Amino acid sequence: AQSVTQPDIHITVSEGASLELRCNYSYGATPYLFWYVQSPGQGLQLLLKYFSGDTLVQGIKGFEAEFKRSQSSFNLRKPSVHWSDAAEYFCAARGGSNYKLTFGKGTLLTVNP
Amino acid sequence: SAVISQKPSRDICQRGTSLTIQCQVDSQVTMMFWYRQQPGQSLTLIATANQGSEATYESGFVIDKFPISRPNLTFSTLTVSNMSPEDSSIYLCGETANTGELFFGEGSRLTVL
């Protein structure tokens, strides 16, 4: 079955520190991959996506993600975290011709001052 | 991306009643999606709504409980029928852009007492 796994339920970092959120997928073929952010009381905002090509993709708010086929991973990174980055982050995937998104369970990010 | 507006943004309802959530998109879109996010959980697809045809429901969701309308290319509604406290969730409407991403509205936060 197709699945998306986010191994870390909750991560705490200090403001200014680097961040990496993990995401692994299990699909028959390489899926389309996405990262979304959900701030408290808000909807989901798309941070970035990977469809094909360059395996390092840049997104909004200074985030980037790297697709690694050998590890079935699509980890999200940010070199320096800001307090406003505190939110829940969801990794998601879908097949090329199927628009149904499968979401991971999310990683809650806390940023300490 | 299109701007997606949902109403109501939040509501508190009594057990046994029904609530209709509206989703308005500021441009014509082919596919619209309804997701549910239960407290502390990830997102689960309820159904896909295409204009001019009946909605396609995911396993575990039925039309009698979650009737959906899609009268035109910019509007859809989801009704949560005969509500119970287990229906307390965030309900999100989404649409797929021509470039393949899925964008969401701000969500409708429903509490059932």
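Above this text you will find the structure in question.
Per chain, the residues get numbers from 1 upward, laid out in the order the sequence is written. Labels follow written order: the first chain is A, the first ligand is 1, and so on. The predicted origin of the model limits local features to residues at a pLDDT of at least 70 and limits the giving and counting of side-chain atom pairs to 80 or more, whereas totals for whole chains, interfaces and linings rest on all residues. Think of the side-chain values as coming from all heavy atoms in the structure, minus any hydrogens and water.

Draft legend 1. Structural context of the overall build of chain A. A count of helices and strands for chain A gives zero helices and twelve strands. The helix count covers DSSP runs of H or I at least four residues long, the strand count covers runs of E at least two residues long, and both are numbered beginning at the N terminus. Taken from the N to the C terminus, the helices and strands of chain A come in the order β-β-β-β-β-β-β-β-β-β-β-β. The globule rule puts the C-alpha radius of gyration for 113 residues at 13 Å, and the 13 Å found for chain A is close to it. Relative accessibility decides the category of a residue: with a 1.4 Å probe and only protein chains considered, values under 20% of the type maximum give buried, values over 50% give exposed, and everything between is partly exposed. For chain A, the proportion of its 113 residues judged to be buried stands at 45%. Working rule for contacts: check all heavy atoms of both residues, and any pair within 4.5 Å makes them a contact. When contacts within chain A are restricted to residue pairs at least 6 apart in sequence, long-range pairs at least 24 apart make up 54% of them. For chain A, the computed accessible surface area is about 5400 Å², with 48% contributed by carbon and sulfur atoms. If the 10 positive side-chain charges of chain A are averaged to one point and the 8 negative ones to another, these points end up 9 Å apart. Our radius of gyration is a C-alpha quantity, and the globule rule it is checked against amounts to 2.2 Å times the number of residues to the power 0.38. Only the protein chains shown count as covering a residue, and every accessible area follows the Shrake-Rupley method with a 1.4 Å probe. His is not counted here, nor are the chain ends, while Lys and Arg score as positive and Asp and Glu score as negative. Every charge is mapped to an atom, namely NZ of Lys, CZ of Arg, CG of Asp or CD of Glu.

Draft legend 2. Local environment of the side chain of Thr96(B). Residue placement: Thr96(B) occurs in strand E9 (residues 89-96). Among the residues examined, Thr96(B) registers a relative accessible area of 11% and is labelled buried.

Draft legend 3. Layout of the pattern of salt bridges. Salt bridges are identified by distance alone: a Lys or Arg side-chain nitrogen within 4 Å of an Asp or Glu carboxyl oxygen. Using the criterion set out here, one finds seven salt bridges over all chains in the structure. Residues joined by salt bridges that share partners form a network here, namely Glu64(A), Glu66(A) and Arg77(A).

Draft legend 4. Structural detail: the nonpolar core. Think of a nonpolar core as a cluster: buried Ala, Val, Leu, Ile, Met, Phe, Trp, Tyr and Cys residues, connected wherever their side-chain atoms sit within 4.5 Å. Core analysis: the biggest nonpolar cluster contains 44 residues, and Tyr36(A), Phe103(A), Tyr35(B), Ile46(B) and Phe104(B) have the highest contact counts within it. By size, the runner-up hydrophobic cluster in this structure holds 27 residues, among which are Val4(A), Tyr25(A), Tyr50(A) and Ala93(A).

Draft legend 5. Local environment of the sheet that holds strand E8 (residues 75-80) of chain B. Residues and elements named next belong to chain B. Taking strand neighbours across the sheet as the criterion, the four strands line up as E1-E3-E8-E7 in an open arrangement whose pairing is antiparallel. Across the chains shown, the open sheet's two edge strands, defined by having one partner strand only, are strand E1 (4-7) and strand E7 (68-72). For this sheet the average axis-to-axis angle between neighbouring strands, irrespective of direction, equals 15°. A pair of strands counts as paired when DSSP detects no fewer than two bridges linking them. Taken together, the six bridges between strand E3 (residues 19-25) and E8 define a ladder with antiparallel strand orientation. Note that in E8 the partner of Thr20 across the bridge is Thr79. The axes used here are C-alpha line fits, helices contributing only the stretch in contact, and every angle between their N-to-C directions lies in the interval 0 to 180 degrees.

Draft legend 6. Up close: the interface of chain A and chain B. Each partner contributes to the interface: chain A provides 18 residues, whereas chain B provides 21 residues. Together, Leu44(A), Tyr99(A) and Phe103(A) form the three largest contributors to the area buried by chain A at its contact with chain B, with a combined 32%. Taken together, chain A and chain B are joined by two salt bridges. Where Lys49(A) meets Glu101(B), a salt bridge forms, and the shortest distance between an N and an O atom there is 2.8 Å. When two parts are brought into contact, each loses some accessible area as probed by a 1.4 Å sphere; the total of that loss over both is the buried area.

Draft legend 7. The arrangement of the environment of Thr55(A) in detail. All names here are of chain A. By secondary structure assignment, the location of Thr55 is in the loop between strand E6 (44-50) and strand E7 (56-58). Using a relative accessible area of 32% as the deciding quantity, one classes Thr55 as partly exposed. Residues Thr55 and Ser72, spaced 17 residues apart in sequence, show a C-alpha to C-alpha distance of 12 Å. Excluding anything up to four places from it in sequence, Thr55 contacts Tyr50, Ala65, Glu66 and Phe67.

Draft legend 8. View of the state of the cysteines. For the purposes of this analysis, a disulfide is any pair of cysteine sulfur atoms at a distance within 2.5 Å. For the structure shown, the criterion picks out two disulfides over all chains. A sulfur-sulfur separation of 1.9 Å characterises the disulfide bridge that pairs Cys23(A) with Cys91(A). A torsion of -65° about the S-S bond marks the disulfide between Cys23(A) and Cys91(A) as left-handed. A residue pair is termed long-range when its members are at least 10 positions apart, and Cys23(A) in the loop between strand E3 (19-21) and strand E4 (24-26) and Cys91(A) in strand E10 (residues 87-94) qualify at 68 residues. Across the pair, Cys91(A) and Cys23(A) agree in class, each one buried. A disulfide bridge connects Cys23(B) with Cys93(B), and the sulfur atoms are separated by 1.9 Å. The S-S bond linking Cys23(B) to Cys93(B) shows a torsion near -70°; that makes this disulfide left-handed. Placement of the pair is Cys23(B) in strand E3 and Cys93(B) in strand E9, with a sequence separation of 70 residues. Judged by its relative accessible area of 0%, Cys23(B) falls in the buried class. The class for Cys93(B) is buried, based on a relative accessible area of 0%.

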